[in-house]
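Report on the structure
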Amino acid sequence: MPELVLEKPAETSPFELTENPCIVCAPLGATLAFSGIRKGMTLLHGSQGCATYIRRYMISHFREPLDAGSSSFTEDTAVFGGKQNLRTAWLNMVQQYQPDCIGVATTCLAETIGEDAAAIQSMLADLVGKDAPLLASVSTASYSGDQNKGFRDALRALVQAACPAGSDTANAARSTADAAIGTPSPNPLLAVFPAMLSPADLRWLKTTIQLFKLEAVLVSDYSDTLDGGPWMDGSLLPKGGTAVADLRRLKSANASLELGDKLDAVRTGSGYLERTFGVPAHRVSLPVGVEATDRFLKILSEISNLSLPKELLAERSRLLDSYIDAHKILSGKRVVLYGDRDQVAALKAFCDEIGLIVLAADTETRDFATLERKVQESSAKAGTPQLLIGNSKGFKTAKKWNIPLVRLGFPIHDRFGGQRLCCLGYSGTQILFDRIVNALLEKTQEDSDVGYTYY
Ligand code: SF4
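Right, let's walk through the structure included here. In this text the structure is predicted, and so the values were computed from the model without any measurement.

Scanning the protein chain for helices and strands turns up 17 helices and 12 strands. For 455 residues, the compact-globule estimate of 2.2 N^0.38 gives 23 Å, and the C-alpha radius of gyration of the protein chain, at 24 Å, lies within 12% of that figure. Of all 455 residues assigned to the protein chain, the portion counted as buried reaches 53%. Counting only contacts in the protein chain whose residues sit at least 6 apart along the sequence, the fraction spanning at least 24 positions is 74%. With the model as given, the accessible surface of the protein chain reaches about 21100 Å², and the carbon-plus-sulfur share is 53%.

This part covers the site of the ligand. Around the ligand, the neighbouring residues are C25, P27, C50, Y53, T107, C108 and S142. Taken together, the residues that form the shell around the ligand break down as 5 nonpolar, 2 polar and no charged.

It is worth spelling out the nonpolar core at this point. Across soluble globular proteins, nonpolar side chains show a tendency to be buried alongside one another. Grouped together as the largest cluster of nonpolar side chains are 98 residues, with contacts concentrated most on L205, L250, I389 and I436. Examining the composition of this core, we find that 8 residues originate from one element, helix α17 (residues 425-447), more than from any other. Not counting the four nearest positions on each side in its chain, I389 is found in contact with V335, V336, L337, Y338, L347, C351, V406, L408 and I436. In terms of nonpolar packing, the next biggest core, distinct from the first, is built from 15 residues, A89, M93, I120 and L124 among them.

What follows covers the environment of L202. Along the chain, L202 falls in helix α9 (residues 199-211). Judged by its relative accessible area of 0%, L202 falls in the buried class. Sequence separation between L202 and C422 is 220 residues; the distance between their C-alpha atoms is 9.2 Å. With residues up to four places along the chain from it excluded, the contact list for L202 reads P194, L197, L218, S220, D221, Y222 and S223.

This paragraph deals with the side chain of K443. With respect to the element layout, K443 can be found in helix α17. At a separation of 3.2 Å, a polar atom in the side chain of K443 contacts the main-chain carbonyl oxygen of N402. Not counting the four nearest positions on each side in its chain, K443 is found in contact with N402, I403 and P404.

Before going further, it helps to spend a moment on empty space enclosed by the protein. Over the atoms, a rolling probe the size of a water molecule traces out where space has been left empty. Tallying each qualifying case throughout the model produces 3 cavities of 30 Å³ or more. Taken as a whole, the largest cavity encloses approximately 170 Å³ of empty space. Contributing to the lining of the largest cavity are 16 residues, with M196, L197, S198, Q343 and G409 lying nearest its centre. In terms of residue class, the lining of the largest cavity is made up of 10 nonpolar, 5 polar and 1 charged.

This part takes up the packing of helix α7 (residues 147-162) against helix α11 (residues 269-277). Two elements in contact, α7 and α11, have axes whose closest approach is 8 Å; the angle formed by their N-to-C orientations is 30°. Between α7 and α11, the residues in contact are R156, V159 and Q160 and G269, Y272 and L273, respectively. Residues of the contact of α7 with α11, tallied by class, amount to 3 nonpolar, 2 polar and 1 charged.

Another aspect to go through is the packing of aromatic side chains. This structure, assessed with the given rule, holds 7 aromatic pairs. Plain terms: the ring middles of Y338 and F368 are 4.9 Å apart, the flat faces sit at 80° to each other, and that makes the pair edge-to-face. Residue Y338 is found in strand β9 (residues 334-338), and its partner F368 is found in helix α15 (residues 368-382); the two are separated by 30 residues along the sequence. With relative accessibility at 1%, the residue Y338 sits in the buried group.

Reading across the sheet, the 4 strands line up as β2-β1-β3-β4 and stay open at both edges, with parallel pairing between neighbours. Edge positions in the open sheet fall to β2 (68-70) and β4 (134-138), since each of these has one partner strand only. Averaged over all adjacent pairs, the angle separating strand axes in this sheet is 25°, with direction ignored. Looking at chain direction, strand β1 (residues 40-45) and strand β3 (residues 101-106) are connected through 6 bridges and run parallel.

With that settled, the discussion passes to the packing of helix α1 (residues 26-35) against helix α2 (residues 48-62). For the pair α1 and α2, the least separation of the axes is 10 Å and the interaxial angle reads 55°. As summarised for this structure, α1 and α2 are arranged oblique, according to the angle between their axes. Judged by the twist between their axes, the crossing of α1 over α2 is right-handed. Residue-level contacts link P27, L28, T31, L32 and S35 of α1 to Y53, I54, Y57, M58 and F62 of α2. A breakdown of the residues in the contact of α1 with α2 according to their chemical character gives 8 nonpolar, 2 polar and no charged.

The rules behind the values
Residues numbered from 1 in each chain as written. Predicted model: local features only at pLDDT ≥ 70, side-chain atom pairs only at ≥ 80, totals over all residues. Heavy atoms only, no water. Helix = DSSP H or I, 4+ residues; strand = E, 2+ residues; numbered from the N terminus. Rg over C-alpha atoms; globule rule 2.2 N^0.38 Å. Buried < 20%, exposed > 50% of the residue type's maximum accessible area, 1.4 Å probe, protein only. Contact = heavy atoms within 4.5 Å. Areas by Shrake-Rupley, 256 points an atom, 1.4 Å probe, with all protein chains shown as cover. Near = heavy atom within 4 Å. Nonpolar A, V, L, I, M, F, W, Y, C, P; charged D, E, K, R; others polar. Core = buried A, V, L, I, M, F, W, Y, C linked by side-chain atoms within 4.5 Å. Polar contact = N/O pair within 3.5 Å; in protein donor to acceptor, adjacent residues only side chain to side chain. 1 Å grid on protein atoms, 1.4 Å probe; cavity = no way out; pocket = protein on both sides within 12 Å on 5 of 7 lines; lining within 4 Å. Points joined across faces, edges and corners; volume = space filled by probe spheres on them. Axes fitted to C-alpha atoms, helices over the stretch in contact; angles between N-to-C directions. Phe/Tyr/Trp six-rings, centres within 6.5 Å; stacked < 30°, edge-to-face > 60°. Pairing = 2+ DSSP bridges. Parallel < 35°, antiparallel > 145°, perpendicular 65-115°, else oblique. Left-handed = near helix turned anticlockwise from the far one by under 90°.

Following this line, the structure appears as structure tokens:
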């Protein structure tokens, strides 16, 4: 019998392993988008591990229950295809939850064997129809994009499913839907496509748009579904969210407004409504900081033909005053930004506005070890970082560098209230600005032998 020779283990792994990622995967972004539809659910097409990871991340950030289905791939499904599993999962979800909408998002494995959004439509074709839940399907292999892409593509898939090309004429659709939801609004209808914001920022968006006497339909609105009150009546799905009937009205919207950085019209929901139904599209970066909020409000003002409400002008004035008060604390401090690309782009502009020096504004690097190396290489010239702003995954880096971390974005796992962090508008910027200033003050105070008490 030949002697068994054990190979010496390789010193480096042949696999590309990502530990402690700065960004999260695409189907998570899609799940967040589908969570904002009233009686909406997500069905993740692929292995159970992906669904468990996504549920765990979202529950620990939002601290709300989240049911998401899985087509639960096994070894043979991975070889022979997941059609039957997908159909079984769909039927189970319909039977047990009676949802109004099911968003199907693929995972890496399903995409690798060719079961993408188009394949899903055909696999479920005979199960969807007049009385079935709305089906929105989206391709979300994580090797082709991050959470931001998954979120954005899911918003487009929702509006495409609710307002297919060639559907009813605009006015007929609007009056039917108004009857369905009960309260017709006389105000111009605005289709709003937000970014991956906190529920608190979504609430700010809705309140601000109302100030301009516009009726906003958010695609999508998880401000209640993922940050609501206790469930007292034993329901299986959370209250709140955008009704499917409202989604169907968006073909007749007076305008659309999409928030984000360098948005590609071809891939966005606002682009779809514009191309298919002639709805005028406005795309704007996240309103963080004075300049960006001015730009955002100017668009609302133009759409509504109303000038800026007095309360917003007062908030703007207070924010400017605080910029003046804190300039000596902030000026020239070096900051590293990371995470979701819409948030990082907005924060970069905001940091420039308040006098911080941005050493890195990273949206591409997958893990913190690589990000740390990049920043250390560049800090020989520019100086070492003094502040981190991003999700709670940066905690270890902040600890290693002995600098403060201002937590913002997703996920916030190691603090309470991540779902209520604000950064939008003059008021949200004010909250963020105060947090940044205080984080720097606290660090100075901790490091001082004499213990400053006045600043
Ligand atoms: S396999 Fe792909 S979809 Fe699943 S958790 Fe990992 S990155 Fe996300």
